[in-house]
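An overview of the molecular structure
Okay, here's what each chain looks like letter by letter:
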Amino acid sequence: QVQLVESGGGLVQAGGSLRLSCAASGRAFSTYAMGWFRQGPGKEREFVAGITWSGGSTYYGDSGKGRFTISRDKAKNSLYLQMNSLKPEDTAVYYCAASSTGYSSSSRMYEFWGQGTQVTVSS
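This section reports on the structure supplied with the text.

Evaluated as defined, the whole model comprises four salt bridges. One salt bridge in this structure joins R38 and E46, with 2.8 Å as the shortest N-O distance. We classify E46 as partly exposed; its relative accessible area is 31%. For R38, the salt bridge identified is with D90, shortest N-O distance 2.8 Å. A residue pair is termed long-range when its members are at least 10 positions apart, and R38 in strand β4 (residues 33–39) and D90 in the loop between β8 (78–83) and β9 (92–99) qualify at 52 residues.

The sheet contact formed by strand β1 (residues 2–7) and strand β3 (residues 18–26) spans six bridges and is antiparallel. Bridge pairing in β3 links V2 to G26.

This paragraph deals with the side chain of T91. Relative to the helices and strands, T91 is located in the loop between β8 and β9. Within polar-contact distance, the side chain of T91 engages the backbone oxygen of P88 at 2.9 Å. Not counting chain neighbours up to four residues away, the residues in contact with T91 comprise G40, P41, Q118, V119, T120 and V121.

Rules of the game
- Residues numbered from 1 in each chain as written.
- Predicted model: local features only at pLDDT ≥ 70, side-chain atom pairs only at ≥ 80, totals over all residues.
- Heavy atoms only, no water.
- Salt bridge = Lys/Arg side-chain N within 4 Å of Asp/Glu carboxyl O.
- Buried < 20%, exposed > 50% of the residue type's maximum accessible area, 1.4 Å probe, protein only.
- Helix = DSSP H or I, 4+ residues; strand = E, 2+ residues; numbered from the N terminus.
- Pairing = 2+ DSSP bridges.
- Polar contact = N/O pair within 3.5 Å; in protein donor to acceptor, adjacent residues only side chain to side chain.
- Contact = heavy atoms within 4.5 Å.

Written out as structure tokens, the structure is:
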């Protein structure tokens, strides 16, 4: 089992930045691929970014390319999402997730999920 707890969300003006964190506990966290997803009001859950278990490869959904950066610190059992140049359409609940089967942009491949952290971007 892996337990995930997100933090770092909040209210920010358009053009601003936020850094989301995801603290993981449980066995073998370092062997899991990790991802960030988001779900806006009335929208489907959307892939934002993913990172392999080694941290050697990263992937981004169209919404975050060029503006978001995913990273992980195995020593701290933590996952991060640096978000820059935020837009009102980035408003959503952001979730971190863990996959034992490797990187995927599909939420169905992630077995463990955090509770989410709210990000609100005002115009």
